[in-house]
Amino acid sequence: MANYNYIAWIPLLPLAGFVLLGLFGRRRFRGFSGILGTGLILAAALLSLYAAWQYFGAGAGAAGVTAGGSAYKPILAMKFTWLSFSPGLSIDMSVLLDPISVMMIVVVSLVSLMVHIFSLGYMKGEERFGTYYAFLSLFSFSMLGLVLSGNIFQLFIFWELVGCSSFLLIGYYYDRPSAVAASKKAFIVTRFADLGFLIGILILSFYGETLDFGTLIHRLTTPSPQFLSITSASFLGFSLLSWGLTLVFIGGAGKSAMFPLHVWLPDAMEGPTPVSALIHAATMVVAGVYLVARLFPVFSLSDPPALGVVAYVGAFSALIAAIMACTQTDIKRVLAYSTMSQIGYMMFALGVSKYGGEGGLGYMASMFHLFTHAGFKALLFLCAGVIIHRVHSNEMNAMGGLRRQLPLTHICCLIACLAISGIPPFSGFFSKEEILLAAWQSNKLIYGVGLFTSGLTAYYMFRLYFSIFWRGPHGVRQAAGDPGAGDAHGSTPVSMNLPLVVLALGALLAGLIPFSHFVTSDGEPIDTHTPLSFSIAPVALALAGIGLAAWLYGTMSDRPRRLASAIGGLYRLVYHTFYIDEIYAFITKKILFNLVGRPAAWIDRNIVDGLMNGLASFTAWISALIKGMQSGKMQDYALYFFTGIAGLAVLFIYIWKN
Amino acid sequence: MNQIPLTHILFVSTALFFIGMYGLLTRRNLITMLMSVELILNSVNINFVAFNRYLYADKLDGVFFTLFIITIAAAEAAVAIAIMIHLYRNLNSIDVEQTDEMKF
């Protein structure tokens, strides 16, 4: 077997970066903190690529011999016991290599590298430049550790670390109240979901009697004693296996911004734009998808109803997020809802999939979409970063006609928009076709939702594109009218253009990777063949969406406004994102605060505090009563002493005399 | 054997003890108080000697105790007089009524 010991360095290098920059980033390493962070993540990215080459390429021969086929087997690269409670219960730290984790380390380290390079230009001159790179390194470490985790508890630890670094980076501009509020919101919402995840872990590991993924999956998919005990125990009419899996999925849904736990994602756009590209588009938010994929055999073989929940939540989120994206005017919020919608795609692709063979198309398509989406969504966010850097505004209304000023960004953004809309031959086309095909084979309703959403996707992406880069001289004049905008930064620095080009090439070519030969539900390569006729409907819908966007936003006109007023109330409903935030605010402020918070505060103030205050005032009263005895006069003390002795003498001689 | 009964001696020592205690509680002069303390100690000494003589005539424990108490009384007098001198230097008086600084 090939030697995979170096894998441990992939997460450890960014960790070293975090420690060094966290300790010295403010003073000693201030000048080259960016270069240091970028160099370390570059090394991690190269190691990841080498690992992928070894695992899928050169390693396949060795693995194939042992497996007797060409399947990719999970490899436990290293393992040590971290906490040992009893012979039967210990928490291990291990590094697990299987197709999805290898694919994920490549995605995470490459996107992270691009974002590190991009930030060299974007964050230049920031006060807390070193701290920013320290946080980025912390995130890279946590995310790489998450995908390489070999047991569910280790995954949970890294899961929380990822959430923590996300919190730190959303609140990076901590002097902005909205950023602080957004980071708190992200933290609380995901923590709420993580509670479900933790309970799910406890249920699964209590009945599975292990934390290790391989053993857990094996025990819960075969009729083992553990399987029988978890399926026979039931709570509220569902087996504990369903509860455990659903709770784990709730954790994943919180991190992946699935409805109704998505409210934190649009607000998370308060963070620096490269951070949004890395964390809130490409990597962290797909952790939920990765989690479901990690436990996919259990979902698929043992508990199809829980997988159904995944499918319907994913499809509904995909649809509702796409609708909300159509009305937003903040460029990053559009992209945030678009991310949520695409993750919905990945989720329902998993939900409609089956385990093994051709039926596992959805699983493979989901992972493929995760892969391509990470590329083009990171590209879109980085383009947005360039634009915001130039225009100093997030509002699409303040932009327009930027194609002459930012030609390279224009091309890259166009490629990314075409890729996300599913226009051949860009990468998104291939993955989305396979998702739709998998949905078609399994559930026509979900296929319909997916098809409609793909049309909406094309519409809102090109609404964004035309608003920024075309639409008349309005934006040009404004950009020129603002003297700082055009001249202060001059041309975009190379460090910002390079990642755009690399990611654009990825968005252009990633679809050609024969992904189904590498990543499948059971490790056996499958051949996918999407019939040409099948592609007609989605592509036609996407083209229609682009056409509509071009008609509405291609030039300056009042068509969008007239359309909006024509559908009046519906438009306002969507524009306010179905008032979901307001509903949450109502539930928390009006109901929770009044029914739980106020009584709890009353009890705290009157009963708990009252008990303590009563004790204190009773003591004070007693001491005020008797403090006169301590007069400072020696003879008083002597009198007390003799009285006491006399009292004791009387007590012992006449009363307790046995 | 024509002897004084034990109760007579105990009566003397009890009287001595309460005289000493009365002096300790009523006198304001530290030296008088010290003398009262000596009276108390001596009443104890009388008790020890008397009980030793009447109850355990063949032993000397009570007498030894008395000797120790006399030694300690001497040492205590030395310490007490040192305290008084110091007090006098500070307050120009050895009246205990004036030394009531240490209170609540």
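Residues numbered from 1 in each chain as written. Chains lettered and ligands numbered in written order. Predicted model: local features only at pLDDT ≥ 70, side-chain atom pairs only at ≥ 80, totals over all residues. Heavy atoms only, no water.

1. Quick word on the interface of chain B and chain A
Of the residues lining the interface, 17 residues belong to chain B; the matching set on chain A comes to twelve residues. With both sides pooled, the region where chain B packs onto chain A buries about 1,100 Å², and carbon together with sulfur makes up 67% of that total. Where chain B touches chain A, the interface holds zero salt bridges. Seen at the junction of chain B and chain A, the total is three residue pairs in polar contact (both at pLDDT 80 or more). When contributions to the side of chain B that touches chain A are tallied by element, the ones reaching two or more residues are α1 (6–26) and α2 (30–55) of chain B. Here the side of chain B that touches chain A takes five residues from α1 of chain B, the largest share from any one element. Residues that form the side of chain B that touches chain A fall into these classes: ten nonpolar, two polar and five charged. (Contact = heavy atoms within 4.5 Å. Buried area = accessible area lost by both parts, 1.4 Å probe. Salt bridge = Lys/Arg side-chain N within 4 Å of Asp/Glu carboxyl O. Polar contact = N/O pair within 3.5 Å; in protein donor to acceptor, adjacent residues only side chain to side chain. Helix = DSSP H or I, 4+ residues; strand = E, 2+ residues; numbered from the N terminus. Nonpolar A, V, L, I, M, F, W, Y, C, P; charged D, E, K, R; others polar.)

2. Brief notes about helix α5 (residues 152–170) of chain A
Taking 1.5 Å of rise per residue, the 19 residues of α5 of chain A would be expected to cover 27 Å, and the 26 Å separating its terminal C-alpha atoms lies within 8% of that figure. Taking the backbone nitrogen of phenylalanine 153 of chain A as reference, a side-chain oxygen 3.0 Å away marks asparagine 151 of chain A as the first, capping residue of α5 of chain A. (Expected span 1.5 Å × (residues − 1).)

3. Some remarks on the confidence of the model for chain A
Residues and elements named next belong to chain A. Averaged over every residue, the pLDDT of chain A is 82; residues scoring 70 or more account for 94%. Low confidence marks residues 59–69, where pLDDT is under 50. Its contacts with residues over four positions away, or in another chain, come to eight contacts. Every residue in residues 474–489 scores below 50 in pLDDT, and together they form 19 contacts with partners more than four places removed in sequence or on other chains. (pLDDT = per-residue confidence, 0-100.)

4. Let's talk about the packing of helix α18 (residues 427–442) of chain A against helix α19 (residues 444–469) of chain A
Residue and element names in this part refer to chain A. In the contact formed by α18 and α19, the axes pass within 6 Å of each other and the chain directions differ by 155°. With respect to α19, the element α18 is oriented roughly antiparallel. In this structure, α18 contributes Lys432, Leu436, Ala439, Trp440 and Ser442 to the contact, and α19 contributes Lys444, Ile446, Tyr447, Gly450, Leu451, Ser454 and Thr457. Partitioning the contact of α18 with α19 into residue classes produces six nonpolar, four polar and two charged. (Axes fitted to C-alpha atoms, helices over the stretch in contact; angles between N-to-C directions. Parallel < 35°, antiparallel > 145°, perpendicular 65-115°, else oblique.)

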